[in-house]
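Analysis of the macromolecular model
These are the residues of each chain, in order.
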Amino acid sequence: MLKTLGAQIREFKKDSLLTPVFMILEVFMETIIPLMMASIIDQGVEAGNIHHIYVMGAWMVVAACFSLFCGVMGGKYGARASAGFARNLRKAMYENIQSFSFSNIDKFSTASIVTRLTTDVTNVQNAFQMLMRMAIRSPVMLVFSMIVSFRISRDISMTFLIILPILAVALFFIIRSVFPIFTRVFRTYDELNNVVQENVRGIRVVKSFNQEQHEIRKFGAISERIYKDFSKGERLITLNAPLMQSCIYACMIIISWLGAKAIIASGNDPALGLTTGNLTALITYAMQILASLMMLSMVFAMLTISLSSARRIAEVIEEKTDIQNPEHPIM
């Protein structure tokens with residue numbers, strides 16, 4: 001499946017490679033900025049050194065502008081690559097469908113083919129863009145922030161190692177529960193499109209035999225199934241938000257409490273322990289780490305939704321027609 005879909009990137013490989021590069025550069029700049037802020041607080045504000053505040057403030061502006069530039073370019077190349085990838089997927093499916101025999105079309109059904117060309121491709125397009133941007137940005141930010149946090153204070157940074165397994169286990173159970181629901185939803189989409197197609201084609205027959213209410217009830221029953229499944233899946237996915245918020249605020253409280261005790265014990269002396277600037281940087285890195293985890297949870301949720309779509313698209317592209325042209329036709 002991955003080989004089949006990956007082959008459709010084709011002329012957008014350059015854009016697909018440039019997007020992660022700009023995402024990594026953006027994260028690197030965002031990791032440096034809290035260190036500059038810590039330097040301003042410790043060596044500028046605490047020491048009363050106005051010149052240092054001006055110099056580091058200027059460097060912070062440069063880093064922020066460069067980070068903004070990398071973010072814009074990453075978004076530009078990511079959008080171009082994902083839109084082009086979706087275009088190639090539609091083209092590959094449409095060209096292969098043209099060679100299908102009637103038995104191939106009956107195997108998928110017209111309604112299913114329409115769903116795969118529209119909804120499924122859109123899901124894969126969104127997932128591909130998130131893979132190039134958020135799926136690269138989040139782990140890199142997580143690793144960079146963890147490294148710098150442990151360099152500032154190993155003891156306080158151990159808080160992250162306690163929170164991360166809790167989040168990982170919770171996300172695993174959420175994703176495992178959601179995946180079969182969305183797989184079932186896309187099958188129901190095919191049924192919905194089939195009902196609509198039947199009514200559009202046979203509207204005169206429906207009206208002639210006075211079957212409008214029957215068709216309305218049939219459409220309503222399928223729509224209700226989609227509504228219930230989607231609602232159940234979305235409710236499970238939204239558990240990410242309160243879970244993440246709880247972990248974020250728990251980390252903030254623990255870091256602030258341990259950091260304040262460390263500052264008092266060291267007398268705000270960097271040679272003896274933690275400083276006010278370092279504590280500010282630690283809180284910022286904690287926010288970045290947990291924000292990256294939240295983005296990863298969104299990526300996993302989107303991948304869970306799009307995995308079924310990717311399989312359905314690959315099935316159409318890999319399908320071989322039942323009728324083959326002979327190599328040496330009789331003239």
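To be clear, the structure that these remarks concern was listed above.
All of the points below concern the structure found in this document. Not measured: the values here are computed from a predicted model.

1. Description of the side chain of D120
In this structure, D120 sits in helix α5 (residues 110–132). We classify D120 as buried; its relative accessible area is 0%. A distance of 2.9 Å separates polar atoms of two side chains, one belonging to D120 and the other to S309.

2. Some details on the environment of I136
Position of I136 among the secondary structure elements: in helix α6 (residues 134–152). Along the primary structure I136 and M23 are separated by 113 residues, whereas in three dimensions their C-alpha atoms are 7.0 Å apart. Leave out the neighbours within four places in its chain, and I136 touches P20, M23, I24 and L131.

3. A closer look at empty space enclosed by the protein
Within this structure, the stated rule accounts for one cavity of 30 Å³ or more. Elements represented by at least two residues in the lining of the largest cavity include exactly α7 (154–201) and α11 (276–318). The biggest single contributor to the lining of the largest cavity is α7, with four residues.

4. A closer look at α5
Along its 23 residues, α5 runs 32 Å from first to last C-alpha, staying within 8% of the 33 Å computed at 1.5 Å per residue. At R116, α5 shows its largest bend, some 40°.

5. Regarding α6
An ideal rise of 1.5 Å per residue puts 27 Å on 19 residues; α6 measures up with 26 Å between its terminal C-alpha atoms. Three or more residues of α6 are buried, namely M134, A135, R137, S138, V140, M141, L142, S145, M146, V148 and S149. The inward-facing, buried residues of α6 contact α2 (13–45), α5, α7 and α11.

6. Re a nonpolar patch on the surface
On the surface, V21, L25, F66 and F69 cluster together into a nonpolar patch covering about 320 Å² of accessible area. Mapped by element, the contributors of at least two residues to the nonpolar patch are α2 and α3 (50–98). Note on V21: relative accessible area 42%, which makes it partly exposed.

7. Brief notes about the packing of α7 against helix α9 (residues 212–237)
Helix packing for two helices is described by the angle between their axes and how far apart those axes are. For the pair α7 and α9, interaxial distance at closest approach is 9 Å and the crossing angle is 160°. For the element pair α7 / α9, the angle class is roughly antiparallel. For the element pair α7 and α9, the recorded crossing hand is left-handed.

8. Comments concerning the packing of aromatic side chains
In the structure shown here, the tally under the stated rule is five aromatic pairs. Measuring from centroid to centroid gives 6.2 Å for F22 and F69, while their planes differ by 80°, and the two rings are edge-to-face. Of the two residues, F22 sits in helix α2 while F69 sits in helix α3, which places them 47 residues apart along the sequence. Note on F28 and F144: the rings are 6.3 Å apart at their centroids and 80° apart in plane angle, and the pair reads as edge-to-face. Remark: F144 occurs in helix α6 and F28 occurs in helix α2; sequence separation between them is 116 residues. What makes F28 partly exposed here is its relative accessible area of 40%. We classify F144 as partly exposed; its relative accessible area is 27%.

So, how was this worked out
Residues numbered from 1 in each chain as written. Predicted model: local features only at pLDDT ≥ 70, side-chain atom pairs only at ≥ 80, totals over all residues. Heavy atoms only, no water. Helix = DSSP H or I, 4+ residues; strand = E, 2+ residues; numbered from the N terminus. Buried < 20%, exposed > 50% of the residue type's maximum accessible area, 1.4 Å probe, protein only. Polar contact = N/O pair within 3.5 Å; in protein donor to acceptor, adjacent residues only side chain to side chain. Contact = heavy atoms within 4.5 Å. 1 Å grid on protein atoms, 1.4 Å probe; cavity = no way out; pocket = protein on both sides within 12 Å on 5 of 7 lines; lining within 4 Å. Points joined across faces, edges and corners; volume = space filled by probe spheres on them. Expected span 1.5 Å × (residues − 1). Bend = angle between axes of the 7 residues up to and from the residue. Patch = residues over 30% accessible without salt bridge, like charges linked within 9 Å, V, L, I, M, F, W, Y side chains within 5 Å. Areas by Shrake-Rupley, 256 points an atom, 1.4 Å probe, with all protein chains shown as cover. Salt bridge = Lys/Arg side-chain N within 4 Å of Asp/Glu carboxyl O. Axes fitted to C-alpha atoms, helices over the stretch in contact; angles between N-to-C directions. Parallel < 35°, antiparallel > 145°, perpendicular 65-115°, else oblique. Left-handed = near helix turned anticlockwise from the far one by under 90°. Phe/Tyr/Trp six-rings, centres within 6.5 Å; stacked < 30°, edge-to-face > 60°.

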